[in-house]
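Take a look at the letters that make up each chain.
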Amino acid sequence: MIRVLQIIPTLDRCGAEKQLTLLAAGLPRDRFDVHVCALTRGGPLEEPLRKAGIPVTVIGKSWKFDPLAYRRLRRLIVRLQPDLVHTWIFAANAYGRWAARSAGVKHLVGGERCVDTWKQWHELAIDKYLARYTQRIVTNSSGVRDFYAEHGLPADKFVVIPNGVEPWAPRPPKSREELLAELGLPVTARLIAAVNRLWPQKRVKDLIWAADLLKIVNPDAHLLIVGDGPQRWRLERYRDQCEIRDCVHFLGPRDDVTRLLPHCECLWLGSEYEGQSNAILEAMAAGLPVIATDIPGNRDLVLPEQTGYLVPIGDRAAFARRTNALLQAPELARRLGATGRQRVLSEFSVEKMVARHAALYAEILG
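All residue numbers refer to position in the chain's written sequence, counted from 1. Reporting in this predicted model follows two pLDDT cut-offs: at least 70 for local features of residues, and 80 or more for side-chain atom pairs to be given and counted; totals over whole chains, interfaces and linings ignore these cut-offs and use all residues. Hydrogens and waters are ignored; side-chain quantities use all the structure's heavy atoms.

## With respect to the overall build of the protein chain
Logical step 1: From N to C terminus, the protein chain includes 14 helices and 13 strands.
Logical step 2: Dimensions of the protein chain, computed from C-alpha atoms along their principal axes, come out at roughly 65 × 40 × 35 Å.
Logical step 3: Looking at the protein chain alone, contacts between residues at least 24 apart form 71% of all its contacts between residues at least 6 apart.
Logical step 4: Only the protein chains shown count as cover for residues, and the accessible areas themselves come from Shrake-Rupley with a 1.4 Å probe. Carbon and sulfur atoms make up 52% of the accessible area of the protein chain, which totals about 16,000 Å². Each helix corresponds to a stretch of at least 4 residues labelled H or I by DSSP, and each strand to a stretch of at least 2 residues labelled E; elements are numbered beginning at the N terminus. In what follows, residue pairs with any heavy atoms lying within 4.5 Å of each other are defined as contacts.

This is the structure in structure tokens:
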């Protein structure tokens, strides 16, 4: 039995956290004894992990530099004696790998999940130093690997394992009429989804602007923004200043995205950088065409003219123009959505993602 400890900063409902939850729950129980550690705090994804019988420990790191949290983490690792430690995202990568190495763990796997342009020289220096003691660094796209290779991390240590998404039932759990009534929207509404954290990286303001442009030619179009974050109040104020409160709706964080997406016409993603978007994968699994920015990560998922469209960063008119074309051509939208769904089922299943990690762990442990 291989004991694996997964360490991540939080268990919020975000991309990397979803993938860790799917991986931890999916690893074969007859081969792996999986434990999860949240370095800073727990979150909504703690419950499904516990329901799956996976022990979860919350360390409670309070500060960027927190020696007491480091000590608690190291004690946990000494107690568990894992065969392998897999860390996710910068804080867990730094604290987790350092503590695991100090506790005598010989097999370390890092996890870089995004093109982290925010990192400064000292944070990249920590990444490079800890890479020396790391057997492999798992990422979800070639764009993330290339970014870190350009910043001095060894490219040969990176392993690209794409995200996995669960297949959705062909029929949504609620009718379109019920959903529109719940949201207070007219029966003629054409719904566009944007599912992401409300954070500068996601450039949600561009999407609000695009919705304002789209409204001119198609007043039935409504943008549903699902998610939360520190920019929410700014974005809501911007929407109100643009006087488009009637067609841009902030729905907040929701755990029923599977109810929403099947009733939408397409998904928008305006990010300026990504690792590999779970929102795109979930939309494709629901049979939606995707309109997203032309950046590494998105290029791995969206095939132009086949599953959706890629547009330049900040090109609000392109979002509006491409969407209006789909609204005017429902057969085209259905064809793009069907191709995207088939692509997800064949290439981005949870089973494949889990199997690739299991094979990697076995290879590292020899």
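## A closer look at the nonpolar core
Logical step 1: Only buried residues count toward a nonpolar core, which is a set of Ala, Val, Leu, Ile, Met, Phe, Trp, Tyr and Cys residues joined through side-chain atoms within 4.5 Å. Only protein chains enter the accessibility calculation, which uses a 1.4 Å probe. A residue is then buried if its area is under 20% of the maximum for its type, exposed if over 50%, and partly exposed in between. In this structure, Leu191, Val195, Leu261, Leu267, Ile280 and Val290 are the most contacted members of the largest nonpolar core, which totals 33 residues.
Logical step 2: Broken down by secondary-structure element, the contributors of at least two residues to this core are helix H7 (176-183), strand E8 (190-195), strand E9 (221-226), helix H10 (257-260), strand E11 (266-269), helix H11 (278-285) and strand E12 (290-293).
Logical step 3: In terms of residue count, H11 provides more of this core than any other element does, 6 residues in total.
Logical step 4: Excluding residues that lie within four positions of it along the chain, Leu191 makes contacts with Arg176, Leu179, Leu180, Leu185, His222, Leu224, His263, Cys264, Glu265 and Cys266.

## What to know about the layout of surface pockets
Logical step 1: If you add up the space inside the second largest pocket, you get close to 200 Å³.
Logical step 2: Residues are said to line a cavity or pocket when one of their atoms sits within 4 Å of a point; the points come from a 1 Å grid over protein atoms alone, cavities being sets where a 1.4 Å probe fits but cannot get out and pockets being open sets with protein on both sides within 12 Å along at least five of seven lines. Taken together, Arg190, Pro262, Cys264, Glu265, Gly287, Leu288, Pro289, Leu326, Pro330, Ala333, Arg334 and Ala338 make up the full set of residues lining the second largest pocket.
Logical step 3: Looking at the lining of the second largest pocket, the element that brings in the most residues is helix H13 (residues 330-347), giving 4 residues.
Logical step 4: In the lining of the second largest pocket, the residues fall into 8 nonpolar, 1 polar and 3 charged. Grid points are joined across faces, edges and corners, and a volume is the space filled by probe spheres set on the points. Here the term charged refers only to Asp, Glu, Lys and Arg, the term nonpolar to Ala, Val, Leu, Ile, Met, Phe, Trp, Tyr, Cys and Pro, and the term polar to all other amino acids, Gly among them.

## Structural notes on the sheet that holds strand E4 (residues 84-87)
Logical step 1: Here 7 strands make up an open sheet; going across it, the order is E3-E2-E1-E4-E5-E6-E7 and the pairing parallel. Whereas interior strands pair on both sides, the edge strands pair on one side only; in this sheet they are strand E3 (56-58) and strand E7 (158-160). For this sheet, the mean angle separating the axes of adjacent strands, direction not counted, is 25 degrees.
Logical step 2: Here a strand pair is declared whenever DSSP counts at least two bridges between the two strands. Summarising the sheet, strand E1 (residues 2-8) and E4 pair through 4 bridges and their orientation is parallel. Within E4, the position partnered with Val4 by the bridge is Leu84.
Logical step 3: Lines fitted to C-alpha atoms define the axes, with helix axes restricted to the stretch in contact, and inter-axis angles between N-to-C directions lie between 0 and 180 degrees. Strand contacts of helix H3 (residues 67-80): E1, strand E2 (32-38) and E3, with the helix running at about 165 degrees to E1, the strand carrying the most contacts.

## Observations regarding helix H8 (residues 204-217)
Logical step 1: To estimate how far a helix should reach, multiply one less than its number of residues by 1.5 Å. With 14 residues, H8 should cover 20 Å at 1.5 Å per step; its first-to-last C-alpha distance of 21 Å lies within 8% of that length.
Logical step 2: When H8 is considered as a whole, its buried residues turn out to be Val204, Asp206, Leu207, Ile208, Ala210, Ala211 and Leu214.
Logical step 3: Where H8 is buried, its residues meet E8, E9, helix H9 (232-241), strand E10 (248-252), E11 and helix H12 (316-328).

## Here's the deal with the pairing of E11
Logical step 1: Neither face of E11 is exposed, since Cys266 and Trp268 on one face and Leu267 and Leu269 on the opposite face are all buried.
Logical step 2: Across 2 bridges, E8 lies against E11 in parallel orientation. By the bridge assignment for E11, Ile192 is matched with Cys266.
Logical step 3: In terms of strand pairing, E11 meets E12 through 3 bridges, oriented parallel. Within E12, the position partnered with Trp268 by the bridge is Ile291.

## Section: unusual backbone geometry
For residues that are not glycine, phi is negative in most cases, and the peptide bond is trans in most cases.
Logical step 1: Phi angles above zero are rare outside glycine, and Glu243 is one such case at about 60 degrees.
Logical step 2: Along the polypeptide, Glu243 turns up in the loop between H9 and E10.
Logical step 3: The phi dihedral of Glu305 is positive, around 70 degrees, even though this residue is not glycine.
Logical step 4: Note on placement: Glu305 falls in the loop between E12 and strand E13 (308-311).

## Here's the deal with the sheet that holds E8
Logical step 1: Spatial ordering of the open sheet is given by E10-E9-E8-E11-E12-E13, a layout of 6 strands whose pairing is parallel. One side of each edge strand has no neighbouring strand; the edge strands of this open sheet are E10 and E13. For this sheet the average axis-to-axis angle between neighbouring strands, irrespective of direction, equals 20 degrees.
Logical step 2: Here H7 sits on the sheet in contact with E8, E9 and E10, set at roughly 70 degrees to E8.

## Concerning the side chain of Thr10
Logical step 1: Along the chain, the position of Thr10 falls in the loop between E1 and helix H1 (15-26).
Logical step 2: Among the polar contacts listed, one links the side chain of Thr10 to the side chain of Glu17, at a separation of 3.5 Å.
Logical step 3: Once residues within four sequence positions are removed from consideration, Thr10 is found in contact with Glu17, Ala38, Thr40, Arg41 and Gly42. Side-chain atoms alone can form a polar contact between residues adjacent in sequence; in general such a contact is a pair of N or O atoms within 3.5 Å, and within protein one must be able to donate a hydrogen while the other accepts it.

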